[in-house]
Amino acid sequence: MFYRESGQLKTSYQEDQALLSITQDRIGLLLILIGAFVLIPLLASDYWFTAILIPFLVFSLAALGLNLLTGYAGQLSLGTAAFMAVGAFAAYNFELRVPGLPVLVSFILAGITTAIVGIAFGIPSLRIRGFYLAVATLAAQFFIPWLLVKVGWFTNYSSSGVITTQPVEIFGYVFDSPVERYLLVLAIVSVLALLAKNLVRSNIGRAWMAVRDMDVAAEVIGIKIMRTKLIAFGVSSFYCGVAGALYAYVYLGSVEPDGFNLDLSFRILFMVIIGGIGSIMGSFFGAAFITLLPIFLDIIINDGAALLNLKLAAGITSVMQLLVFGGLIIFFLIVEPLGLARLWQITKEKLRLWPFPH
Amino acid sequence: MEFFLEVLIGGLLAGVMYSLVALGFVLIYKASGVFNFAQGAMVFFAALTFVGAQEKLGLSLWAALAFSLLLMILLGVLTEKIVLRPLVNQPPISLFMVTIGLTFFVEGLAQLMWGTKVYPLELGIPDEPVATTIESLGLSATNLPTVLQEINSFDLIAAIVAGVLVAGLAIFFQITKIGRALRAVADDHQAALSIGIPLKSIWAIVWSVAGFVALVAGLMWGARNGVQFALTFVALKALPVLILGGFDSVMGAIVGGLIIGALEKLAEVYIGPFFGGGIEIWFAYVAALLFLLIRPEGLFGDKQIDRV
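What you see is a predicted model, and the numbers here were worked out from it, not measured in a lab. The numbering scheme is per chain: residues are counted from 1 as the chain's sequence reads. Each chain is given a letter, starting from A, and each ligand a number, starting from 1, according to the order in which they appear as written. Local features in a predicted model are, by the rule used here, given only for residues with pLDDT of at least 70; side-chain atom pairs are given and counted only at 80 or more, and totals for whole chains, interfaces and linings are based on all residues. Heavy atoms throughout the structure, all of them, feed into the side-chain values; hydrogens and water do not.

1. Details of the overall build of chain A
Put simply, the rule reads: For the purposes of this entry, the term helix denotes a DSSP run of H or I that reaches at least four residues, the term strand denotes a run of E that reaches at least two, and both are numbered from the N terminus. In this setup the radius of gyration rests on C-alpha atoms only. A globule is expected at 2.2 Å times the number of residues raised to 0.38. Only protein chains enter the accessibility calculation, which uses a 1.4 Å probe; a residue whose area is less than 20% of its type maximum is buried, one above 50% is exposed, and one in between is partly exposed. We call two residues contacting when some pair of their heavy atoms lies within 4.5 Å. None of His or the chain ends enter the tally, which takes Lys and Arg as positive and Asp and Glu as negative. By convention, the point assigned to a charge is CZ for Arg, NZ for Lys, CD for Glu and CG for Asp.
Along its length, chain A carries 14 helices and four strands. Against the 2.2 N^0.38 benchmark of 21 Å for 358 residues, chain A shows a C-alpha radius of gyration of 21 Å, consistent with a compact globule. Once the C-alpha set of chain A is aligned to its principal axes, its extents read approximately 65 × 65 × 45 Å. Scored against the burial criterion, the 358 residues of chain A give a buried share of 49%. Considering only contacts in chain A between residues 6 or more positions apart, those separated by 24 or more positions represent 75%. Of the charged side chains in chain A, 21 are positive and 19 negative; the average position of the first set lies 9 Å away from that of the second.

Set out below in structure tokens:
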């Protein structure tokens, strides 16, 4: 009853093509933005910012990047973490080698650098498809962290390979406290998500989907496969690169190449699967789910054990995490292959009628 | 030259170990078109069950072997029933991702059952140069060429095991009725179904056979490196072998394994020093990738023909 489009007539093409065509959606988004930009900074504690909200946003961005490549363009990549590493270390080196470079500019440059690397590793996709390509992207996953460790220049000859990022300073203002860092990453992620949302409904996004659904057919109707795939790799890597830079600068503060391992790549892939393949919003759902799940599991297992007076064997939490993670992935793919985003869709359909039966 | 030969033989024998793991992937891919990423986890599960049954349940070596085989078959059948059957007709990418989920689940399950300790796995195979083994048997090894004397007995036995396994599988596939049914299913699911081949039981058999192969691989790798979580990374070593050999060729798994093993060792010795070492993590991948650019379907893989 409250979420209906009836009566909202569109009188121009512009209205018809608006990003959010229903008033309720516009109000909803406005409320979310107000909540994220105003209410949360007022209410949340430092723990929430550093342990939950900032990683959630950073991972959302990375998942968004992977979703553009895998969900929209249909190219499965297992090297997301490596591209994040490129972004993190590129941003670090731009800041280090170019004195006075605004940090936002170096984030963007890091994204562009990653895009170039991503395109290079995307070139095989022109000839290799499907699983062969997925395995081939593992080459990036193993090669890039190795290169970052081996070539001392990238880590500024730090003996342990760990880099500590420079302070995030914009126009002389240092983003230092958790809430400031949260607002910074929120602003960046919001802008990039809006861009992605528009991109996937432009002709580039449509070409991606055509290639995903059947590349031979796409080629026959005149889509340039090479251009489309390489743009997908480039744009996706740009997002992952910026996410990597934020991961280093805003979330952790100091990173090492080995931190960007295959596990991280899989985590981000899981976010995409659970959130919803081929959905911008799904990337956020998935990131929230995967970020919160370990925290909940920890609480449940530890509190449950305390309640039952059980002594937990060492490492049981991580084992349980593996089990629950794996089980959930299997469950989701069987029950709802389109992920949480699809559940949201179903909810919206239901909301159109609610509280009436017809 | 002798040094080169030594490195080459060492590499080829190490490659056989990769082939053992790659075989499991190929079996399932051939019969059901699923790229089973969980094969590495199955190898880990099998090895851990084998040592766990000995340590915790006090079973003898053979009883533990039978027990783990049974459990692997059960795991395979259940996987097919619970995980894959509901996903029939889903795009291959979904099937691939479900096996990534399965990987995590099986790894967790194995550790939940047997704990997170590192176990040694003792099969009674000597890990020493062949010459020493021969001498310990009371024979003289002096008339063997030195290159052969230096070969590790363990590697040699692993190679023999792999050879026997491949030969056994080849016979199984070529001669037995089930084997022929498997090949028919691999060729065309629908046609096989329409001439009365029971698809469901065939897939259950394939998963069981893959479980058996995982057990053999788990025993060999476990005896070599100890049974620990790192065993799951064995699968990552087998992937370049797969893309090099072709996903759907048993022959490819063997030849690919040999090539990757040899290349890796040679590169480590002759190219590695220029890069400061450590290149074996990615070298196999890059080598396989370059090869794929020339032949996208791998060495022995079926050529894919696309139609609109």
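2. Notes on the pattern of salt bridges
Residues and elements named next belong to chain B. For clarity, the cut-off: Salt bridge, as applied in this entry: a Lys or Arg side-chain nitrogen positioned within 4 Å of an Asp or Glu carboxyl oxygen.
Throughout the structure, instances matching the rule amount to four salt bridges over all chains. In this structure, Arg85 and Glu80 form a salt bridge, with 2.8 Å as the shortest nitrogen-oxygen distance. Glu80 gets classed as buried once you look at its relative accessible area, which sits at 2%. Lys237 is paired through a salt bridge with Glu264; the nearest N and O atoms lie 3.4 Å apart. Highlighted residues: Lys237 in helix 11 (residues 234–245) and Glu264 in helix 12 (residues 250–270), separated in sequence by 27 residues. On the accessibility criterion, Lys237 (26% relative accessible area) is partly exposed. A relative accessible area of 5% means that Glu264 is categorised as buried.

3. As for the layout of surface pockets
Residues and elements named next belong to chain A. Heads up, the rule is: Here a cavity means grid points, on a 1 Å grid over the protein atoms only, where a 1.4 Å probe fits yet cannot get out; a pocket means an open set of points with protein on both sides within 12 Å along at least five of seven lines; lining residues are those with an atom within 4 Å of a point. Grid points are joined across faces, edges and corners, and a volume is the space filled by probe spheres set on the points.
The computed volume of the second largest pocket comes to approximately 1,700 Å³. Along the walls of the second largest pocket sit 44 residues, with Leu20, Leu29, Ile32, Met281 and Trp344 positioned nearest its centre. Every element with two or more residues in the lining of the second largest pocket is listed here: helix 2 (23–43), helix 3 (46–72), helix 7 (178–199), helix 12 (280–307) and helix 14 (339–353). It is helix 2 that contributes the most residues to the lining of the second largest pocket, eight residues altogether.

4. Some remarks on the environment of Val216 of chain B
All names here are of chain B. Mapping Val216 onto the fold places it in helix 10 (residues 199–225). Since its relative accessible area comes to 13%, Val216 is described here as buried. Sequence-wise, Val216 and Glu107 are 109 residues apart; in three dimensions their C-alpha atoms are separated by 18 Å.

5. As for the packing of aromatic side chains
Formally: Paired rings are identified among Phe, Tyr and Trp, the last through its six-membered ring, by centres lying within 6.5 Å, and are further divided according to the angle between planes into stacked (under 30 degrees), edge-to-face (over 60) and tilted (the rest). In this scheme, the term charge over a ring applies when either NZ of a lysine or CZ of an arginine sits within 6 Å of the ring centre and within 35 degrees of the ring normal.
Tallying each qualifying case throughout the model produces 34 aromatic pairs over all chains. Between the aromatic rings of Phe270 of chain A and Phe104 of chain B, the centroid separation amounts to 5.0 Å while the plane-to-plane angle is 70 degrees, which identifies the pairing as edge-to-face. Highlighted residues: Phe270 of chain A in helix 11 (residues 262–275) and Phe104 of chain B in helix 4 (residues 92–114), drawn from two different chains. Overall, the relative accessible area of 0% leaves Phe270 of chain A in the buried class. Look at Phe104 of chain B and you get buried, because its relative accessible area is 12%. Grouped by ring-pair contacts, the aromatic residues Phe266, Phe270 and Phe325 of chain A together with Phe25, Tyr29, Phe35, Phe37, Phe96, Phe104 and Phe247 of chain B constitute a single cluster. When the ring centre of Trp153 of chain A is taken as reference, the NZ or CZ atom of Arg97 of chain A above it lies at 4.2 Å.

6. Some words on empty space enclosed by the protein
Residues and elements named next belong to chain A. What counts here: When residues are sorted by character, Ala, Val, Leu, Ile, Met, Phe, Trp, Tyr, Cys and Pro go into the nonpolar class, Asp, Glu, Lys and Arg into the charged class, and all the rest, Gly among them, into the polar class.
Within the structure shown, the criterion is met by three cavities of 30 Å³ or more. The calculated volume of the largest cavity comes to roughly 50 Å³. At four residues, the largest contribution of residues to the lining of the largest cavity is made by helix 6 (residues 130–150). The class makeup of the residues in the lining of the largest cavity is eight nonpolar, one polar and no charged.

7. Some remarks on unusual backbone geometry
All names here are of chain A. Going from Trp354 to Pro355, the amide bond is cis rather than trans, its omega being 5 degrees. Note that Pro355 resides in the segment after helix 14. At Asn156, a residue that is not glycine, the phi angle is positive and equals roughly 55 degrees. Inspection of the secondary structure assignment puts Asn156 in the loop between helix 6 and strand 1 (163–164).

8. Re the interface of chain A and chain B
Quick note on the threshold: Joining two parts hides part of their accessible area as seen by a 1.4 Å probe, and the buried area is that hidden amount summed over both. Pairs of N or O atoms are called polar contacts if they sit within 3.5 Å, as long as, within protein, a hydrogen donor faces a hydrogen acceptor (for residues adjacent in sequence, only side-chain-to-side-chain pairs).
With 42 residues of chain A in contact, the opposing surface of chain B contributes 51 residues. Contact with chain B buries area across many residues of chain A, yet Phe131, Tyr132 and Trp146 of chain A alone supply 19% of it, more than any other trio. At the junction of chain A with chain B, the criterion picks out zero salt bridges. Connecting chain A to chain B are two residue pairs in polar contact (both at pLDDT 80 or more). The dominant element in the side of chain A that touches chain B, judged by the number of residues it contributes, is helix 13 (residues 316–335) of chain A, at 12 residues. Classifying every residue of the side of chain A that touches chain B gives 35 nonpolar, three polar and four charged.

9. Some remarks on the packing of helix 11 of chain B against helix 12 of chain B
Residue and element names in this part refer to chain B. This is how it is decided: Only the stretch in contact is used when a helix axis is fitted, and all axes are lines through C-alpha atoms; the angle between N-to-C directions ranges over 0 to 180 degrees. Roughly parallel refers to an angle under 35 degrees, roughly antiparallel to one over 145, roughly perpendicular to one between 65 and 115, and oblique to any angle outside these ranges. For a crossing to be left-handed, the near helix must be turned anticlockwise from the far one by less than a right angle; the clockwise case is right-handed.
At a closest axis distance of 8 Å, the pairing of helix 11 and helix 12 adopts a crossing angle of 120 degrees. On the basis of the axis angle, helix 11 is oblique to helix 12. The chirality of how helix 11 crosses helix 12 is right-handed. Of helix 12, the residues touching helix 11 (which contributes Lys237, Pro240, Val241, Leu244 and Gly245) are Gly252, Ala253, Gly256, Gly257, Ile259, Ile260 and Glu264. Looking at side-chain class alone, the contact of helix 11 with helix 12 contains six nonpolar, four polar and two charged residues.

10. Regarding helix 12 of chain B
Residue and element names in this part refer to chain B. The criterion, for reference: Expected helix span is taken as 1.5 Å per residue step, with the number of steps being one fewer than the number of residues.
Over its 21 residues, helix 12 runs 30 Å from end to end, which matches the ideal 30 Å to within 8%, given 1.5 Å per residue. All of the buried residues along helix 12 are Val250, Gly252, Ala253, Gly256, Gly257, Ile260, Gly261, Ala262, Glu264, Leu266 and Ala267. Close packing links the buried residues of helix 12 with helix 1 (2–32), helix 7 (153–174), helix 11, helix 13 (272–275) and helix 14 (280–294). Near the N-terminus of helix 12, the side chain that reaches the backbone nitrogen of Met251, with its oxygen 3.3 Å away, is that of Ser249.

11. So, helix 8 (residues 203–213) of chain A
Residue and element names in this part refer to chain A. Quick reminder of the rule: Arc definition: directions from the helix axis to the C-beta atoms.
Listing the buried residues of helix 8 in full gives Gly205, Ala207, Trp208 and Val211. Within helix 8, the buried residues cover an arc of 160 degrees as seen down the axis, which keeps them to one side. In helix 8, those exposed residues whose orientation departs by more than 90 degrees from the buried face are Asn203, Arg206 and Asp213. Its buried side turned inward, helix 8 meets helix 3, helix 7, helix 9 (215–220) and helix 10 (225–252).

12. Comments concerning the side chain of Thr137 of chain A
All names here are of chain A. Tracing the backbone through its elements, the reader meets Thr137 in helix 6. The class of Thr137 is buried, set by a relative accessible area of 6%. A distance of 3.0 Å separates a polar atom in the side chain of Thr137 from the backbone nitrogen of Leu78. Looking at Thr137, its side chain comes within polar contact range of the main-chain oxygen of Ala134, at 2.5 Å. In contact with Thr137, other than residues within four places in its own chain, are Leu76, Ser77, Leu78 and Gly79.

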